[in-house]
Amino acid sequence: MTVVEIVDILGTVAFAISGASAAMRRKLDPFGVIIVSFATAAGGGTIRDVLVGIEPVSWMTNPNLIYTILISVFISFLFRRYLVKISKTLFLFDAIGIGLYTVVGVEIGITAGLPPLICVTLGCITACFGGVLRDVLLNKIPVLFRRNIYATACIIGGFMYFGLKKLGVPPAWTFPSAAITVILIRLLAVTYKIELPSPYKVKS
Amino acid sequence: MTVVEIVDILGTVAFAISGASAAMRRKLDPFGVIIVSFATAAGGGTIRDVLVGIEPVSWMTNPNLIYTILISVFISFLFRRYLVKISKTLFLFDAIGIGLYTVVGVEIGITAGLPPLICVTLGCITACFGGVLRDVLLNKIPVLFRRNIYATACIIGGFMYFGLKKLGVPPAWTFPSAAITVILIRLLAVTYKIELPSPYKVKS
Amino acid sequence: MTVVEIVDILGTVAFAISGASAAMRRKLDPFGVIIVSFATAAGGGTIRDVLVGIEPVSWMTNPNLIYTILISVFISFLFRRYLVKISKTLFLFDAIGIGLYTVVGVEIGITAGLPPLICVTLGCITACFGGVLRDVLLNKIPVLFRRNIYATACIIGGFMYFGLKKLGVPPAWTFPSAAITVILIRLLAVTYKIELPSPYKVKS
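Since we're looking at a predicted model, the values are computed, not measured.

Rules and cut-offs
Residues numbered from 1 in each chain as written. Chains lettered and ligands numbered in written order. Predicted model: local features only at pLDDT ≥ 70, side-chain atom pairs only at ≥ 80, totals over all residues. Heavy atoms only, no water. UniProt positions renumbered as here; feature names shortened; annotations may be inferred. Helix = DSSP H or I, 4+ residues; strand = E, 2+ residues; numbered from the N terminus. Patch = residues over 30% accessible without salt bridge, like charges linked within 9 Å, V, L, I, M, F, W, Y side chains within 5 Å. Areas by Shrake-Rupley, 256 points an atom, 1.4 Å probe, with all protein chains shown as cover. Salt bridge = Lys/Arg side-chain N within 4 Å of Asp/Glu carboxyl O. 1 Å grid on protein atoms, 1.4 Å probe; cavity = no way out; pocket = protein on both sides within 12 Å on 5 of 7 lines; lining within 4 Å. Points joined across faces, edges and corners; volume = space filled by probe spheres on them. Nonpolar A, V, L, I, M, F, W, Y, C, P; charged D, E, K, R; others polar. Least-squares fit on C-alpha atoms with pLDDT ≥ 70 in both. Contact = heavy atoms within 4.5 Å. Buried area = accessible area lost by both parts, 1.4 Å probe. Polar contact = N/O pair within 3.5 Å; in protein donor to acceptor, adjacent residues only side chain to side chain. Core = buried A, V, L, I, M, F, W, Y, C linked by side-chain atoms within 4.5 Å. Buried < 20%, exposed > 50% of the residue type's maximum accessible area, 1.4 Å probe, protein only. Phe/Tyr/Trp six-rings, centres within 6.5 Å; stacked < 30°, edge-to-face > 60°.

**Student:** I would appreciate a short explanation of the UniProt feature "transmembrane region" (unreviewed entry) in chain A in the present structure.
**Tutor:** All names here are of chain A. Taken from the UniProt record, the annotation "transmembrane region" (unreviewed entry) applies to residues 6-24, 31-53, 65-83, 90-108, 114-133, 145-163 and 175-194. Between the end C-alpha atoms of residues 65-83 the distance is 22 Å, and the span holds 74% helix and 0% strand. Secondary structure across residues 114-133 comprises 90% helix and 0% strand; the distance between its end C-alpha atoms is 25 Å.

What follows is the structure, encoded as C-alpha cells:
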C-alpha cells in the first residue's frame, strides 16, 4: 500500500465521519446515517463520474471505498460521544481529504482531454460536492456556500496541479505539491480566520 | 400481460399516488404534482440507470411508465378526498412496489457484472431513492432516513435474490421469493412496530 | 455570430443573473453565488445530458457558457443594488431563455431518436430544471411547482416544435416559431395573470 493510498483512505474516513456525525446530530436512524455518510464521502466523485461519463461510477468497481465508509460509520456510532473532542483531528483529515480529492478530480479531467477550466472545476466538484449533497439531504443550505476559502483552496491547488503538469514536472512531484498546497491554504485560512471580502455591507 | 407486469404497474401506481398526495398536501400546482409524482415513481430507477450508465434512462424508452404515472396523478386529483381512507391499500401497494423494484435493481447490477454488495445497493437505490427525491423536492429530511425497516427489508431481500441466483435456483423462483420476502418483512415490521435499535439514548 | 447565438447568450445571462440574485438575497459568499448561478443557468441542460447519455455534458466542451456565467455573476455583484429596478428586463430575458432552451432540449431528444412525449419532456427539463436545482440548493420548495404557466408554456411550445418538424416545415421556421410561442405564452400569462385552475378549494 502506497503513501497516497493510505492518505486517500484517511481522507475518505474524514469525510465519512463528518457525514455520520452531521446525520447523528439530526437523529437519523442507522440506515439514514449510512446513506448520508456515503453521500458525503463518495458524492463528489460520483457527480464527477456522471458528468464526465465514467459509468459504472468509480465506487461500483471499488468496494474498498464502501467498506472504508461502513467501518467509519460503525466507529462513529461507537465513539459518538467523543467525536466533538477529536474535532481538530477530523478537521485535519478533512483538509487532507479535499487536497487529495481535488488532485484526483483534476487528473480525471486531464485524462478525459477536457479544457483547463473544466479540469479544475472537476477537482472542486470532487472535493466539495459530497458536502453539498450531505447538506441538501439534511435539508440545510450547503455550508460550503458560506465558507469560501474551502473551495478557493481547491481552485488554487487545481490550477497549480494543471500548470505544473503542463510545465513537464514529473507526477511524483505534481501530485503531492498540489495536494499539500490545498491542505496548507485550508489550514492557514482557518487558523488565521482568513475570509474572502464579503460583498454584503449590511450585516446578516 | 404477465403477473409480474401487472404487479409492477401496481407498484408504480402506489409510488405515483404516494408522490401525488405528498405534493397535494403541500398545495403544489398541477404541474408540480406531476413532477413530484414522477420523481417518486421513476426517480430510484433513474438514479440507478445514471450510476450504472444505462442511457437514455429506462423511462425514456418505455412511455408506458409515463402514461401509468400520468393516469395515477389524474386519479389522485379526482379522489384526493378519499386518499386517506384507502391508506392501508396504498401501504400494501407501496410494499409490493419496493419488493419488485429491489429485485429489478439487483438483477440490473448482476447483468452489468457488478460485485454482490453493489448489486444489493442498486436494489435499494431503485426501491428507496424515489422517496428520497420526493422529500428533497418538498424540502423535507427524507422520511426513509428515519424509518429503517424500509431499507432493511430491501437489503435482506436483495442479498436473498443474489444468493438464490448464485445457488442456481431458476428465475421463476428467485424473483417472486425475494420480492415476497421484502414485502413480508415490510408488512410484519409495520404491523408489529418492529424497529432497529436506536443509537440515541436521549429521546428526540 | 448568428441571431440565435446572441439570443441564446441573452437567455443564459438571464438565468445566471436570476440565480446570482437569489443567492445574494440569501447572503451566500462569492463562491456560493457562482455555484448557484451556474446551477440555474446550466443545470437544466446538464440533467438533460445525463439522462440522455451525452457525456461529458455540454458545458464541459463549451467553455463559452462558463465565461458567460462568470461575467454575469460579476456584473450581478457590481450592480446588485439595481437588480430590482431592471426586474422587468430580467423577466423578459428569462422568458427568452425558456423559449430557446425548450427548443434546444426537444431537438436533442429528436436527434437521439426518442418518442415525442420524451422529447417534449426533455425540452421542459432543459428550460425548467435549472430553476428547480437553484431552489433545492437554496433550501426552498421549487417555485416552478407553484407557477404553472411557466412549464405549460414549454410543453405547448415543445409539442408545436415537434409537430411542425414532422410536418416538414424547414428548420429556419420551426425553431423561431416554437421559441416565440413559448415566450409569448409566458409574457401573456404574466401580463394578464392567467393561471391553471387550482385543484384546491380550501385556500392556502
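There is more to say, and it comes next.
**Student:** Before we go on, may I ask you to explain a nonpolar patch on the surface in this structure?
**Tutor:** A grouping of A:Tyr67, A:Leu70, A:Ile71, A:Phe74, A:Ile75, A:Leu78, A:Phe79 and A:Tyr82 is seen on the molecular surface, where their side chains present a nonpolar patch of about 810 Å² in accessible area. Of note, A:Phe79 is situated in the loop between helix H3 (63-78) and helix H4 (87-111).

**Student:** Even after reading the chapter, I still don't get empty space enclosed by the protein, so can you show me in this structure?
**Tutor:** Over the atoms rolls a probe the size of a water molecule, and in doing so it shows where empty space is left. Within this structure, the stated rule accounts for 1 cavity of 30 Å³ or more. Surrounding the largest cavity, A:Val136, A:Asn139, A:Lys140, B:Asp135, B:Val136, B:Asn139, B:Lys140, C:Val136, C:Asn139 and C:Lys140 form its lining. For the lining of the largest cavity, the residue count by class is 3 nonpolar, 3 polar and 4 charged.

**Student:** What is the right way to read the relation of the copies chain B and chain A from this model?
**Tutor:** The pair of chain copies shares a relation made of a rotation about an axis and a shift along it. Once turned by 120 degrees and shifted 0.0 Å along the axis, chain B lies on chain A with an RMSD of 0.0 Å. The operation mapping one copy onto its partner corresponds to a three-fold rotation axis. Every residue of chain B has its C-alpha some distance from the rotation axis, and the shortest such distance is that of B:Asn139, at 3.7 Å. A share of only 12% of the interface residues of chain B reappears at the interface of chain A, consistent with the copies meeting through non-equivalent patches.

**Student:** Quick question: what am I supposed to make of the pattern of salt bridges here?
**Tutor:** Side chains that differ in sign of charge can pair as their charged atoms come close. Evaluated as defined, the whole model comprises 9 salt bridges over all chains. Note that B:Arg48 and B:Asp49 form a salt bridge whose closest N and O atoms lie 3.0 Å from each other.

**Student:** Got a minute to help me understand the interface of chain A and chain C in this structure?
**Tutor:** In many analyses, interface size is given as the accessible surface area lost on bringing the parts together. At the junction of the two partners, chain A supplies 33 residues and chain C supplies 29 residues. With both sides pooled, the region where chain A packs onto chain C buries about 2,600 Å², and carbon together with sulfur makes up 70% of that total. Across the contact surface, chain A and chain C share 3 residue pairs in polar contact (both at pLDDT 80 or more). Secondary-structure elements contributing two or more residues to the side of chain A that touches chain C are helix H2 (30-52), helix H5 (116-137) and helix H6 (148-166) of chain A. Of all the elements, H5(A) adds the most residues to the side of chain A that touches chain C, at 8 residues. The residue inventory of the side of chain A that touches chain C, partitioned by class, reads 23 nonpolar, 5 polar and 5 charged.

**Student:** How should I be thinking about the relation of the copies chain A and chain C in this particular structure?
**Tutor:** Mapping chain A onto chain C calls for a rotation angle of 120 degrees and an axial translation of 0.0 Å; the resulting RMSD is 0.0 Å. Little of the interface of chain A is mirrored in chain C, where only 12% of its interface residues again form contacts.

**Student:** Looking at this structure, I do not really get the nonpolar core. What am I missing?
**Tutor:** Core analysis: the biggest nonpolar cluster contains 184 residues, and A:Trp59, B:Trp59 and C:Trp59 have the highest contact counts within it. Here B:Trp59 is in contact with B:Phe38, B:Ala42, B:Thr46, B:Leu65, B:Ile66, C:Leu51, C:Ile118, C:Thr121 and C:Ile125, once residues within four sequence places are set aside. Counting 5 residues, the second-largest nonpolar core is a separate cluster that includes C:Ala95, C:Ile96, C:Leu100 and C:Ile183.

**Student:** Would you mind going over the packing of aromatic side chains with me for this structure?
**Tutor:** Aromatic ring pairs: the centre-centre distance and the angle between the two ring planes describe each pair. All chains considered together, the criterion is met by 9 aromatic pairs over all chains. Here A:Phe15 and A:Tyr101 contribute two aromatic rings whose centre-to-centre distance is 4.9 Å and whose plane-to-plane angle is 50 degrees, an arrangement assigned as tilted. Of the two residues, A:Phe15 sits in helix H1 (residues 3-25) while A:Tyr101 sits in helix H4, which places them 86 residues apart along the sequence. In terms of burial, A:Phe15 and A:Tyr101 fall into one category: buried. Taking 6.5 Å as the distance between ring centres and 55 degrees as the angle between the ring planes, the aromatic pair formed by B:Phe79 and B:Tyr82 counts as tilted. B:Tyr82 sits in the partly exposed class, given a relative accessible area of 42%.

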